[in-house]
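Each chain, written out:
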Amino acid sequence: MSEQQVESGTADKTIRLLTGKVVSNKMQKTITVAVERLVKHPMYGKYVRRTTKLLAHDENNECQEGDVVEIQESRPLSRRKAWRLARVVTRARA
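For the structure given in this document, a descriptive report is provided here. Here the structure is a predicted model, which is why all the values come from computation and not from measurement.

1. What about the overall build of the protein chain?
Here comes step 1: In terms of helices and strands, the protein chain carries zero helices and six strands.
Here comes step 2: Counting from the amino terminus, helix and strand elements in the protein chain follow one another as β-β-β-β-β-β.
Here comes step 3: Contacts in the protein chain between residues at least 24 apart in sequence constitute 42% of all its contacts with a sequence separation of at least 6.
Here comes step 4: Counting only carbon and sulfur atoms, one obtains 47% of the accessible surface of the protein chain, whose full area is about 7100 Å².

Below you can see the structure in the form of C-alpha cells.
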C-alpha cells in the first residue's frame, strides 16, 4: 500500500493507493479488483497470502479482466463501491 500527500488549503490529506488485478468487468462502469497481501501466521510464523475483493469505479470502461490496476480511495459511490480507478499499470495479454 502506498500513500501520497495532497495539500488542499490548510489540511493535509493522504490518498490511499492499492494495486491489484481486475477479476471482473461485467458491470457498467464498475470493476472488481483482487488485492493480495501477506499476513504472518500468529503461531507458525509462515506468511499466508490473503485476498480482498474491492469494487472500483471505472468511468470510461477501459479495464479488461487480467489488467493490473492502481485504485485510490474515494467517497462512497454505492453500498460496496468506495474506490476509483487511478491508472492501469499493465494490460492483460489478449
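Picking up after the structure, the text goes on.
2. Examining the pattern of salt bridges
Here comes step 1: Per the counting criterion, the structure on display carries seven salt bridges.
Here comes step 2: Among the ionic pairs, Lys29 bridges to Glu59, the shortest N-O distance being 3.0 Å. Taken as a pair, Lys29 in the loop between strand 2 (11-27) and strand 3 (30-40) and Glu59 in the loop between strand 4 (47-57) and strand 5 (68-73) lie far apart in primary sequence, 30 residues in all.
Here comes step 3: Two residues, Arg87 and Glu70, come together in a salt bridge whose shortest N-O distance is 3.3 Å.

3. Overview of the nonpolar core
Here comes step 1: In terms of nonpolar packing, the biggest core is built from 12 residues, these being Leu18, Val22, Ile31, Val33, Val35, Leu54, Ala56, Cys63, Val69, Ile71, Trp83 and Leu85.
Here comes step 2: Counting only elements with at least two residues in this core, the list comes to strand 2, strand 3, strand 4, strand 5 and strand 6 (81-90).
Here comes step 3: For this core, the leading source of residues is strand 3, giving three residues.
Here comes step 4: Each residue touching Ile31, except ones within four places of it in the same chain, is listed here: Val22, Ser24, Asn25, Leu54, Leu55, Ala56, Asp58, Cys63 and Leu85.

4. Observations regarding unusual backbone geometry
Here comes step 1: Here the phi dihedral of Lys29 falls at roughly 60°; this positive angle occurs in a residue that is not glycine.
Here comes step 2: One non-glycine residue with positive phi stands out, namely Asn61, at about 50°.
Here comes step 3: Inspection of the secondary structure puts Asn61 in the loop between strand 4 and strand 5.

5. Concerning the pairing of strand 3
Here comes step 1: Here strand 3 pairs with strand 4 via 11 bridges, running antiparallel. Residue pairing for strand 4: Lys40 is matched across the bridge by Tyr47.
Here comes step 2: The antiparallel hairpin formed by strand 3 and strand 4 contains six residues in its connecting segment, where Gly45 sits at a positive phi of about 80°.

The rules we used
Residues numbered from 1 in each chain as written. Predicted model: local features only at pLDDT ≥ 70, side-chain atom pairs only at ≥ 80, totals over all residues. Heavy atoms only, no water. Helix = DSSP H or I, 4+ residues; strand = E, 2+ residues; numbered from the N terminus. Contact = heavy atoms within 4.5 Å. Areas by Shrake-Rupley, 256 points an atom, 1.4 Å probe, with all protein chains shown as cover. Salt bridge = Lys/Arg side-chain N within 4 Å of Asp/Glu carboxyl O. Core = buried A, V, L, I, M, F, W, Y, C linked by side-chain atoms within 4.5 Å. Buried < 20%, exposed > 50% of the residue type's maximum accessible area, 1.4 Å probe, protein only. Pairing = 2+ DSSP bridges.

The analysis is restricted to geometry; functional conclusions fall outside its scope.
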